[in-house]
Amino acid sequence: MPEIITGSEISAAPPLQPKDVKAKPASALSRFFSIENRYLPPMLITTILLVGQLSFGLLESFKQTALAIGVAMLLELALGRLVYGKFPNLASAYITGISVGILVRSPAFWPFALCSAIAITSKYVIRWKDRHLWNPSNLAICVLLLLAPDVFSTLSIQWGNNLPPMLIVWTLGALITWRVKRFHITATYVVSFLLFALLRGFITGHGFQAEVAPITGPMYQLFIFFMITDPKTTVKPRWAQCLVAFLVAAMEMVLRLAENIHAPYYALTIVGPLAVAIEIWITARKRPSAQPV
Amino acid sequence: MQSRTLRIILIIFFIGLLATPFVIRRFSGRKEAAATAANASTALSRYGLSFKEAANASGINFTHAAPKLDQKLDHIMPQIASMGAAVSIADFDRDGWQDVYLTSSGEGKSNILFRNLGNGRFSEMTGDHWASGENSREHGVSMGAVWGDYDNDGYEDLFVYKWGKPELYHNDGGKGFSRAGEQAGFPEWINANNALWFDYDRDGRLDLFVAGYYDEKIDLWNLKDTKMMPESFEYAQNGGRKFLFHNLGNGKFEEVAEQLGVRSRRWALAAVAVDLRGNGYPDLFIANDYGVSELFFNDGGKKFREVGRQTGIGFAPKSGMTAAIGDVFNRGDFAIYVSNISEESVLIQGNNLWVPRAGTSGEGLKFDNLARDLGVELGGWSWGAQFGDLNNDGYQDIYLVNGYISADRNRNYWYDYSKVTGGNKAIISDANNWPPMNNRSLSGYQQKKVWINDGAGQFKEVAQIVGVTDVYDGRSVALADFNNSGRLDVVVANQKGPALLYKNTVAPDNNWIAFELEGSTSNRSAIGAQVRLFWNSQRQVQEVTGGSGFCAQNQRRLHFGLGKAASVDRVEIRWPSGKTQTISAPEINKIHNVKEA
């Protein structure tokens, strides 16, 4: 029986178990804002993109972003059909494409297409025990930072470095992650980052404000709301999710002390899959030995 | 399909994706540009030009000095005091030879005018009556200068813009300069990084545009606090205001920027005025650091309208540092080249080449950025650039200088720089929050770019091959034919470095023609005059500018390469007054002196 593909990013948040669902009939509005509504996060990220583009012109161009989204969705359709025999839901691919469109900075077109292609394909290729290990867009960005540094970069400056737009995005992002029960991951990471920034400030002598500056930028808004909360590439228990978020922040601190400009991407790329792999390994060990080999 | 086979296919596909950057790099041929320098004859035969650096040999011994600003900025002084090396060209004494003016920014240091002796050498004109710039803590320090005959007496006057008190030097018949700024009515202080002369209302008198960088209320030697940095890396609007000085004709100027609609507090670093719509009135393009570029359409000399978004250039904020114009396709219209920052794996803004979209003109004019398509996009931390036909093959090439701060080669500041620039307004705008540079480099020791236009839609980078091998922190570049031989030489002003003179040798079988214009009804400098050359089924347009590039000004003389063509069909001159003149079959390989009829 073919696997039901739910996608990878936050849009694929696991549905509530029956015991969690309230008995009384939900209104249209509450259904719209329900956890099951996998289109809520894509709509949020679309809103962020449109507001950012119309107010600040944050994108390299609409064409490049459209290319990233188009490649992600088409490849998801093709690979989903090929591998699982049915067309998958495209919400996840849409988020991957739009994340690539916002985060990638390159004057050329091909890095946008390639980044999306690597992201989507990685989900189908790099798998262990039927789970993929890396957050797709995070992995693709890290790969291209290493393989194509001459034309590919990410930029952390959008939204104009102003407080009001930042607060709006943080508030909306927090509400959404709270609704899909991932806010604890975001909160753990943010608190950890702040504490590590304080520590880095002492170590480098640059002060807290210089060290905390990155998280006040918009790149982190996508990172903390859409990347580290990815259900498919995070571990299951809540306490473990918090632990992994803390470890990502810790790894990031190590990379930052080594003056790595793209520290958060690399930290997630290193810590995320290790955590998932350990969980898979532990889960496999806990299975009854009577299971057929 | 069996799952194992499918998996193998998927893995091969994934590996193919990972290999794509290598394949693209291999076929793009970028590596070729990094070839070691070839000898002059190889460069000549291959690309039709060869440069030899000859500043010292020609008598240009000049090293730029940076200012020492308020000690509150000491920890990041290299990036604050990172501008001021500038070059502008004019024949100040009307002897027919192009002279060079170089600015310094060190307190107590002089700007120097180098007079071209016509024998391949220059002599240094020193002393205050030779426009030394008055670089001091009290008067501010020079950031650049532009030549223009504001009183139409036939001699090019000099405006020196500063982080400080602007200076206007009246040219006293080529025998010296007298200070005319007090009478002109300029403000006491502007933290300017750009200025240009143009006759925006076509009244026959040159007006002056001055672009502020830091807020004019800031005295960089006596800071009240350290909150003087840009409020954003890409959307900053807390820079200096813009000034538009209307020439009243009696040595006085009236400031009309606000009144005419030139309102902006973006951090301007470069500007160029050119008639983009063909209505005779010069439009104003401004390249801004920390934000989008701006384009002001000139509505009949009575109003300026910002049309950046309307025309397509006002999106995608970058770090604009030059604005130069050139007819890159020989189709009779102007492209605008804007330099930005590109640093591998850190920040790939890419330079912009704004080319008018085919089929658009006038009010509906649109631009497309074709820098990537034409191969002139990646120039490092790019500063000044100019268009010019460097090999006389009939197509406009680009010479670009780059490099921000060359300090310790083994330690760079990029990490700390990116850490703060991504932060919130309250953090980035306060210099106190910027980590100390501690002698670290920031995009230093970069190789310059000489892009040769092949006429078929591609530029080829040949700097190392044709002899441009310096790695100084280039800022300002200007082109001129210093020995009147039909070859464009290059002067480069380097920050805290020596000025360079690259003398050009061009393949002798390529022909050329040049036009030295003098207005009568129009401003006498003929700034704003357009020359359209028709030859060998080709055409090219050039315009006399009162400043272009980064803090630079090319010779006013317009130089056209002709390739192998042995004749020119005709030349059409449109003067700023609106008058037109046509010269049929002008002689080639000659400088034509043309007065407005």
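Treat the numbers as computed from the prediction; the structure is a model and nothing was measured.

Cut-offs applied
Residues numbered from 1 in each chain as written. Chains lettered and ligands numbered in written order. Predicted model: local features only at pLDDT ≥ 70, side-chain atom pairs only at ≥ 80, totals over all residues. Heavy atoms only, no water. Helix = DSSP H or I, 4+ residues; strand = E, 2+ residues; numbered from the N terminus. Buried < 20%, exposed > 50% of the residue type's maximum accessible area, 1.4 Å probe, protein only. Contact = heavy atoms within 4.5 Å. Areas by Shrake-Rupley, 256 points an atom, 1.4 Å probe, with all protein chains shown as cover. Rg over C-alpha atoms; globule rule 2.2 N^0.38 Å. Lys, Arg positive; Asp, Glu negative; His and termini not counted. Charge placed at Lys NZ, Arg CZ, Asp CG, Glu CD. Polar contact = N/O pair within 3.5 Å; in protein donor to acceptor, adjacent residues only side chain to side chain. Domains from an automatic or database assignment. Buried area = accessible area lost by both parts, 1.4 Å probe. Salt bridge = Lys/Arg side-chain N within 4 Å of Asp/Glu carboxyl O. Pairing = 2+ DSSP bridges. Axes fitted to C-alpha atoms, helices over the stretch in contact; angles between N-to-C directions. pLDDT = per-residue confidence, 0-100. Parallel < 35°, antiparallel > 145°, perpendicular 65-115°, else oblique. Left-handed = near helix turned anticlockwise from the far one by under 90°. Patch = residues over 30% accessible without salt bridge, like charges linked within 9 Å, V, L, I, M, F, W, Y side chains within 5 Å. Core = buried A, V, L, I, M, F, W, Y, C linked by side-chain atoms within 4.5 Å. Phe/Tyr/Trp six-rings, centres within 6.5 Å; stacked < 30°, edge-to-face > 60°. Lys NZ or Arg CZ within 6 Å of the ring centre and 35° of its normal.

Draft legend 1. Structural detail: the overall build of chain A. In terms of regular secondary structure, chain A is built from 12 helices and four strands. For chain A, with 293 residues in total, the buried portion stands at 58%. The contacts of chain A with a sequence gap of at least 6 include a subset with a gap of at least 24, amounting to 75%. For chain A, the accessible area works out to roughly 12500 Å², and carbon and sulfur atoms hold 72% of it.

Draft legend 2. Molecular detail of the overall build of chain B. Along chain B, the regular secondary structure elements total 11 helices and 40 strands. In summary, chain B has a C-alpha radius of gyration of 23 Å against a globular reference of 25 Å for 597 residues, a match within 12%. Overall, the C-alpha framework of chain B stretches about 85 × 65 × 50 Å when taken along its three principal axes. By the burial criterion, 65% of the 597 residues in chain B qualify as buried. When the accessible surface of chain B is split by element, carbon and sulfur atoms take 48% of a total near 19800 Å². The averaged location of the 69 negative side-chain charges in chain B is 5 Å from the averaged location of its 63 positive side-chain charges.

Draft legend 3. Looking closely at unusual backbone geometry. Positive phi values are uncommon outside glycine, yet Glu259(A) reaches one of about 60 degrees. Relative to the helices and strands, Glu259(A) resides in the loop between helix H11 (238-257) and helix H12 (263-286). A residue is classified by how much of its surface remains accessible, and Glu259(A), at 36% relative accessible area, is partly exposed. Even without a glycine there, the phi angle at Asn589(B) is positive, about 55 degrees. Along the chain, Asn589(B) turns up in the loop between strand E39 (580-584) and strand E40 (591-595).

Draft legend 4. The side chain of Thr121(A), seen in detail. Within the secondary structure layout, Thr121(A) lies in helix H5 (residues 110-125). Judged by relative accessible area, Thr121(A) falls into the buried class, the value being 0%. Residues in contact with Thr121(A), not counting those within four places in the same chain, are Leu75(A), Leu79(A), Phe13(B), Phe14(B) and Leu17(B).

Draft legend 5. Region of the structure containing the environment of Glu516(B). All names here are of chain B. Turning to its location among the elements, Glu516 is positioned in strand E33 (residues 511-518). Glu516 sits 168 residues away from Ile348 along the chain, and the two C-alpha atoms are 40 Å apart. Not counting the four nearest positions on each side in its chain, Glu516 is found in contact with Gln98, Arg557, Ile591, His592, Asn593 and Val594. A polar contact of 2.9 Å, which involves the side chain of Glu516, links it to the side chain of Arg557.

Draft legend 6. Just the domain arrangement of chain A, in detail. All names here are of chain A. Considered domain by domain, chain A is made up of domain 1 (59-154) and domain 2 (162-284). Between the C-alpha centres of domain 1 and domain 2 there is a distance of 21 Å. Tallying the contact residues gives 19 residues for domain 1 and 21 residues for domain 2. Counting the surface lost from both domain 1 and domain 2, the interface buries some 1900 Å², and carbon and sulfur atoms represent 68% of this. Linking domain 1 to domain 2 there are one salt bridge.

Draft legend 7. Quick look at the pattern of salt bridges. Residue and element names in this part refer to chain B. Enumeration according to the criterion identifies 43 salt bridges over all chains in this entry. Where Arg94 meets Glu518, a salt bridge forms, and the shortest distance between an N and an O atom there is 3.4 Å. With Arg94 in the loop between strand E2 (86-90) and strand E3 (99-103) and Glu518 in strand E33, this pair connects stretches of sequence that are 424 residues apart. You can call Glu518 buried: its relative accessible area is 14%.

Draft legend 8. Summary view of the interface of chain A and chain B. If you look at the interface, chain A gives 63 residues, while chain B gives 50 residues. The interface formed by chain A and chain B holds three salt bridges in total. Note that Glu259(A) is salt-bridged to Arg440(B), the shortest N-O span being 3.2 Å. The interface formed by chain A and chain B holds 12 residue pairs in polar contact (both at pLDDT 80 or more) in total.

Draft legend 9. How the structure looks around the pairing of strand E14 (residues 267-274) of chain B. All names here are of chain B. Of all eight residues in E14, eight are buried, a share of seventy percent or more. In this sheet, strand E15 (residues 283-289) lies alongside E14 in antiparallel orientation, the contact comprising seven bridges. Its bridge partner lying in E15, Ala270 is registered against Ala287.

Draft legend 10. Highlighting the sheet that holds strand E25 (residues 397-402) of chain B. Residue and element names in this part refer to chain B. Judged by pairing direction, the sheet is antiparallel, and its four strands sit side by side in the order E24-E25-E28-E29 without closing on themselves. On the outer flanks of this sheet lie strand E24 (382-388) and strand E29 (459-461), each paired with one strand and no other. When the angles between neighbouring strand axes are averaged without regard to direction, this sheet yields 20 degrees. Of the strand pairs in this sheet, E25 and strand E28 (residues 449-453) are connected by three bridges, and their pairing is antiparallel. What sits directly across from Tyr399, in E28, is Val450.

Draft legend 11. Region of interest: the confidence of the model for chain A. Of all residues in chain A, 79% have pLDDT values of 70 or greater, and the mean over the chain is 81. For residues 1-23 of chain A, every residue scores under 50 in pLDDT, and the model assigns this stretch 59 contacts once sequence neighbours within four places are set aside.

Draft legend 12. Region of the structure containing the packing of helix H10 (residues 219-227) of chain A against H12(A). Residues and elements named next belong to chain A. H12 packs onto H10 with a crossing angle of 20 degrees between their chain directions and a minimal axis gap of 11 Å. In terms of their interaxial angle, H10 and H12 are classed as roughly parallel. Classified by chirality, the crossing of H12 by H10 is left-handed. Every residue of H12 that contacts H10 at Met219, Tyr220, Phe223 and Met227 is listed here: Pro264, Tyr265 and Leu268.

Draft legend 13. Inspection of a nonpolar patch on the surface at higher detail. Residue and element names in this part refer to chain A. Among the surface-exposed residues, Leu194, Leu198, Leu199, Phe202, Ile203, Phe208 and Leu257 lie close enough to one another that they form a single nonpolar patch of about 660 Å² accessible area. Counting residues per element, the nonpolar patch draws most heavily on helix H8 (residues 183-204), which supplies five residues. Mapped onto the fold, Phe202 is located in helix H8.

Draft legend 14. Quick peek at the nonpolar core. If you look at the biggest cluster of nonpolar residues, it comprises 183 residues, and the most contacted ones within it are Tyr189(A), Phe223(A), Phe159(B), Trp197(B), Met228(B), Tyr399(B) and Leu517(B). Top element by residues in this core is H5(A). It accounts for nine residues. Residue assignment places this core across two domains, with domain 1 (59-154) and domain 2 (162-284) of chain A each supplying three or more. In this structure, Val272(B), Ala287(B), Val307(B) and Ala323(B) belong to the second largest nonpolar core, which totals 19 residues.

Draft legend 15. Local environment of the packing of aromatic side chains. Tallied over the entire structure, the rule returns 49 aromatic pairs over all chains. When the centroid spacing of 5.4 Å and the interplanar angle of 85 degrees are considered together, the rings of Trp414(B) and Tyr417(B) count as edge-to-face. Of the two residues, Trp414(B) and Tyr417(B) both sit in helix H9 (residues 414-421), three residues apart, roughly one turn of that helix. The exposure class assigned to Trp414(B) is buried, which follows from its relative accessible area of 3%. In this structure, Arg200(A) is placed above the aromatic ring of Phe193(A), and the distance from its NZ or CZ to the ring centre is 5.2 Å. It is Arg94(B) that lies over the ring of Tyr155(B); its NZ or CZ is 5.8 Å from the centre.

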